[in-house]
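Examination of the molecular architecture
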Amino acid sequence: MKRKLVDYFRRIAPLSDEEAQAILDSMVVRTCPKGTHLLMAGQVSTEAYFVLQGCVRQYYVVDGEERSNGFFTEDDWVLSIHSMMNGTPADHFLVCAEDTTVVVGTEQREQDLYRRFPRFESISRMVMQKVLAEQQGRFAAYLTDDPEQRYLKLSRTRPDIFQRIPQYQLASYIGVKPESLSRIRKRIATRGKPVTPRRKA
């Protein structure tokens with residue numbers, strides 16, 4: 001399982017055997033039970049996570065209600081970029097939606113690798129650019145798509161999420177109440193489009 005991170009980096013740039021081994025040697029792996037918070041709103045984020053197995057949900061609390069705005073699964077990076085870069089308290093939560101195993105990254109471990117292998121710094125920049133582009137894409141889509149479009153896009157790009165996340169959290173993610181999500185599903189089914197099987201709440 002640990003080699004997943006090495007494979008991820010190799011998709012970004014070629015690695016020598018020595019560089020791959022250095023990544024493996026520096027890795028700190030943490031397994032967290034479902035419900036574990038990796039970050040609480042108000043905390044300053046000091047860690048980044050790479051998901052080896054499981055699912056992490058990002059959410060805000062607005063008027064006493066949880067508003068989900070991201071689900072991160074295998075081979076995804078999970079990090080609070082603004083909080084980490086600026087040393088400011090996060091305004092959201094990161095919680096394990098399943099039993100989850102992650103690689104834990106810190107600034108110190110990152111700098112240690114840079115000193116030994118300076119090329120890692122440019123690889124890390126490429127990874128960060130990829131993560132930022134993905135986040136910007138999700139944010140832009142959230143501003144322009146209506147709830148049904150969000151549902152259809154999620155079912156097309158992340159069908160596994162429908163089996164892993166309760167319906168009320170999916171409804172929160174696309175910006176509707178659970179009953180409205182049911183109406184969206186019925187409307188799509190009426191038009192003859194496939195409806196992703198749902199996980200019970």
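For the structure, check the block above.
Reading the values: the criteria
Counting starts from 1 at the beginning of each chain's written sequence and moves along it residue by residue. Side-chain atom pairs in this predicted model are given and counted only at pLDDT of 80 or more, local residue features only at pLDDT of at least 70, and totals for whole chains, interfaces and linings cover all residues. Water and hydrogen atoms were dropped before computing side-chain values, which therefore reflect all heavy atoms in the structure. By the criteria applied, helices consist of DSSP H or I runs no shorter than four residues and strands consist of E runs no shorter than two, each listed in order from the N terminus. Put simply, the radius of gyration uses C-alpha atoms, and a globule should come to 2.2 Å times the residue count raised to 0.38. Each residue gets one of three labels from its accessible area relative to the maximum for its type: buried under 20%, exposed over 50%, partly exposed in between, using a 1.4 Å probe on protein chains only. Surface accessibility follows the Shrake-Rupley procedure with a 1.4 Å probe radius. Residue values consider only the protein chains on display as shielding. The pairing criterion for strands is at least two bridges between them, as found by DSSP. Comment: axis = line fitted to C-alpha atoms, over the contacting stretch for helices; angle = value between 0 and 180 degrees taken between N-to-C directions. Contacts are residue-level and defined by heavy atoms, with any inter-residue pair within 4.5 Å sufficient.

1. Thoughts on the overall build of the protein
Scanning the protein from terminus to terminus reveals 9 helices and 8 strands. Taken over the C-alpha trace, the protein has a radius of gyration of 18 Å; the compact-globule value for 201 residues is 17 Å, and the two agree within 12%. With the C-alpha coordinates of the protein rotated into their principal frame, the extents come out at 60 × 35 × 30 Å. Counting all 201 residues of the protein, 43% fall into the buried class. Element-wise, carbon and sulfur atoms account for 54% of the exposed surface of the protein, whose accessible area totals about 11100 Å².

2. A look at the sheet that holds strand 2 (residues 37-39)
Pairing in this open sheet of 4 strands is antiparallel, and the strands run 2-7-4-5 from one edge to the other. The open sheet has two free edges, formed respectively by strand 2 and strand 5 (65-72), since each of these has just one partner strand. Neighbour-to-neighbour, the strand axes of this sheet turn through a mean angle of 30°, independent of strand direction. Relative to strand 7 (residues 93-96), strand 4 (residues 56-62) runs antiparallel, the two being bridged by 4 bridges. Paired with Gln58 across the strands is Leu94, a residue of strand 7. Contacts from helix 8 (residues 167-174) reach strand 4 and strand 5, with the element oriented near 90° to strand 5.

3. Let's talk about unusual backbone geometry
A positive phi is found at Asp63, a non-glycine position, where the angle reads about 55°. Turning to its location among the elements, Asp63 is positioned in the loop between strand 4 and strand 5. The exposure class of Asp63 is exposed, given its relative accessible area of 75%.

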